[in-house]
Amino acid sequence: MTSPRIVVVTGASRGAGKGIALALGETGATVYVTGRTTPDTASDLPGTVVETAEAITARGGVGIPVIVDHSDDDQVKSLFERVRDDHGRLDILVNNAITIPSALTKKGPFWDKPLSLTDLFDVGMRSTYVSSYYAGPLLAANGSGLVVNTSSFGGSAYMHGPAYGAGKAAVDKMAHDMAVDFAPVGVAVVSLWMGLLKTERTMAAFASNPAMYEGLAASAESVEFPGRIIDALHRDPSLMERTGTVLVGAEIAAELGVTDVDGNQPPSHRPFLGDPPTFSSAVVE
């Protein structure tokens, strides 16, 4: 790679998106980080797109904060128009933006939970499609590139109910189908199943009951671990052989020699939560 990579990470005020953006920024990339949280907007959790961008720059990359509500298609379109005007290309798109309703982890059947859990179908499922749609021409112009949909074992296992599961299964299938369209221009698309991450939300839960969560905390991944994996995937000469697949982050990390920030190799949760889906190779146009 003769020039710094141009990257967009959606939903990067905090959590997985922030960690991915930091890890990629540390490689010297120019990273556009999107989100809705600014110093002037209230949130129960710490983090803003400005803080993420500043941290990227402090690590040797170029962080560019862009306030984007991913439920607004026009704002998403403007984001990629800006990337086009600034650089004329895009190397990596990470579709991470998602709505996390407060009732997501409420116990009980889905009909006892708020109907607002379907917000996951807008920012999460639909927003992945929209960002990829507007990023497509920029990625195609390179003749190479990578799109990563962040996902989880909830795409296969029962996890938080059918709204969450449907959203994750959808972005997994999108990765497979988008890969068909991107293949002629050399762009790979994968869905990355992340493990339990040490996000701000998760760490608050751990702190609330250390004894209960001791085992989970020991196997949890840093929020930067998926970003390290994405960096290695993009550099992998065999990247196009992986396109259209759902990858278990911990497993692909072990294959590519990627460790977490503490030097550890997080375990795969496949034995407990199950296998990624296998999609048909048939193409009906």
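Bear in mind the structure is a predicted one, so any value in this text is a computation, not a measurement.

S.K.: Whenever I open this one, the side chain of Ser151 confuses me. Can you help?
M.R.: For Ser151, the position within the fold is in strand S5 (residues 145-151). Classification of Ser151 by relative accessible area gives buried; the value is 1%. Here Asp172 takes part through its side chain, which lies 2.9 Å from a polar atom of the side chain of Ser151.

S.K.: I keep staring at the pairing of strand S2 (residues 30-35) and nothing clicks. Help me out?
M.R.: Two faces make up the sheet, and in a regular strand the side chains alternate between them. With respect to burial, S2 is a largely interior element, six of its six residues being buried. Residues of S2 alternate between two faces, with Thr30, Tyr32 and Thr34 on one and Val31, Val33 and Gly35 on the opposite face, all of them buried. Alignment of strand S1 (residues 6-9) against S2, held across four bridges, turns out to be parallel. Bridge pairing links Ile6 to Thr30 in S2. Where S2 and strand S3 (residues 62-67) come together, six bridges link them in parallel fashion. In the strand pairing of S3, Thr30 is matched with Val62.

S.K.: When you look at the packing of aromatic side chains in this model, what are you seeing that I'm missing?
M.R.: The way to describe two aromatic rings as a pair is by their centre distance and the angle between their planes. Inspection of every chain in the model, using the stated rule, returns three aromatic pairs. An angle of 80° between the planes, with centres 5.2 Å apart, marks the rings of Phe110 and Trp111 as edge-to-face. On the basis of an interplanar angle of 50° and a centroid distance of 4.8 Å, the ring pair of Phe153 and Trp193 is categorised as tilted. Placement of the pair is Phe153 in the loop between S5 and helix H5 (162-182) and Trp193 in strand S6 (residues 187-193), with a sequence separation of 40 residues. Of the two residues, Phe153 and Trp193, neither departs from the other in class, the shared state being buried.

S.K.: Just checking my understanding: could you explain the packing of helix H8 (residues 225-235) against helix H10 (residues 249-256) for this structure?
M.R.: In a pair of packed helices, the angle between the axes and the distance between the axes together describe the arrangement. Look at H8 against H10: their axes get within 10 Å of each other, and the N-to-C directions meet at 50°. The angle between H8 and H10 falls in the class oblique. For the crossing formed where H8 meets H10, the hand is left-handed. From H8, Phe225, Ile229, Ala232 and Leu233 reach across to H10, where they touch Gly249, Ala250, Ile252, Ala253 and Leu256. For the contact of H8 with H10, the residue count by class is eight nonpolar, one polar and no charged.

S.K.: Can you help me understand the pattern of salt bridges in this one?
M.R.: Pairs can form between side chains of opposite charge once their charged atoms are near each other. Considering all chains together, one arrives at 13 salt bridges under this definition. Residue Arg5 pairs with Asp231 through a salt bridge whose shortest N-O separation is 2.6 Å. A residue pair is termed long-range when its members are at least 10 positions apart, and Arg5 in the segment before S1 and Asp231 in helix H8 qualify at 226 residues. In this structure Asp231 comes out as buried when scored by relative accessible area, which is 16%. Two residues, Asp73 and Arg126, come together in a salt bridge whose shortest N-O distance is 2.9 Å. Note that Asp73 is positioned in helix H3 (residues 73-87) and Arg126 in helix H4 (residues 122-142), a separation of 53 residues in sequence.

S.K.: Please clarify how unusual backbone geometry should be interpreted in this entry.
M.R.: Negative phi values dominate among residues other than glycine, just as trans dominates among peptide bonds. Notably, His160 is not glycine yet its phi reads approximately 65°, a positive angle. For His160, the location among the structural elements is in the loop between S5 and H5. His160 sits in the partly exposed class, given a relative accessible area of 30%.

S.K.: Explain the nonpolar core here, please?
M.R.: Generally speaking, a soluble globular protein has its nonpolar side chains buried in company with each other. Membership of the largest hydrophobic core comes to 30 residues, with the highest contact counts inside it found for Val9, Val31, Val33, Leu146, Ile229, Ile230 and Leu233. Among all residues touching Val31, those that are not within four sequence positions of it are Val7, Val9, Ala21, Leu24, Gly25, Ile56, Val62, Gly63 and Ile64. Grouped together as the second largest cluster of nonpolar side chains are 24 residues, Val8, Phe80, Ala135 and Val189 included.

S.K.: Got a minute to help me understand helix H1 (residues 15-25) in this structure?
M.R.: For an α-helix, the turn length of 3.6 residues means that residues three or four places apart are oriented alike. Summarising burial for H1: ten of the eleven residues are buried, a large majority. Buried within H1 are the following residues: Gly15, Ala16, Gly17, Gly19, Ile20, Ala21, Leu22, Ala23, Leu24 and Gly25.

S.K.: Got a minute to help me understand the side chain of Asp260 in this structure?
M.R.: Summarising the element assignment, Asp260 is placed in the loop between H10 and helix H11 (270-273). With residues near it in sequence (within four places) discarded, Asp260 still touches Glu221, Ser222, Phe225, Arg228 and Pro266.

Procedures and definitions
Residues numbered from 1 in each chain as written. Predicted model: local features only at pLDDT ≥ 70, side-chain atom pairs only at ≥ 80, totals over all residues. Heavy atoms only, no water. Helix = DSSP H or I, 4+ residues; strand = E, 2+ residues; numbered from the N terminus. Buried < 20%, exposed > 50% of the residue type's maximum accessible area, 1.4 Å probe, protein only. Polar contact = N/O pair within 3.5 Å; in protein donor to acceptor, adjacent residues only side chain to side chain. Pairing = 2+ DSSP bridges. Phe/Tyr/Trp six-rings, centres within 6.5 Å; stacked < 30°, edge-to-face > 60°. Axes fitted to C-alpha atoms, helices over the stretch in contact; angles between N-to-C directions. Parallel < 35°, antiparallel > 145°, perpendicular 65-115°, else oblique. Left-handed = near helix turned anticlockwise from the far one by under 90°. Contact = heavy atoms within 4.5 Å. Nonpolar A, V, L, I, M, F, W, Y, C, P; charged D, E, K, R; others polar. Salt bridge = Lys/Arg side-chain N within 4 Å of Asp/Glu carboxyl O. Core = buried A, V, L, I, M, F, W, Y, C linked by side-chain atoms within 4.5 Å.

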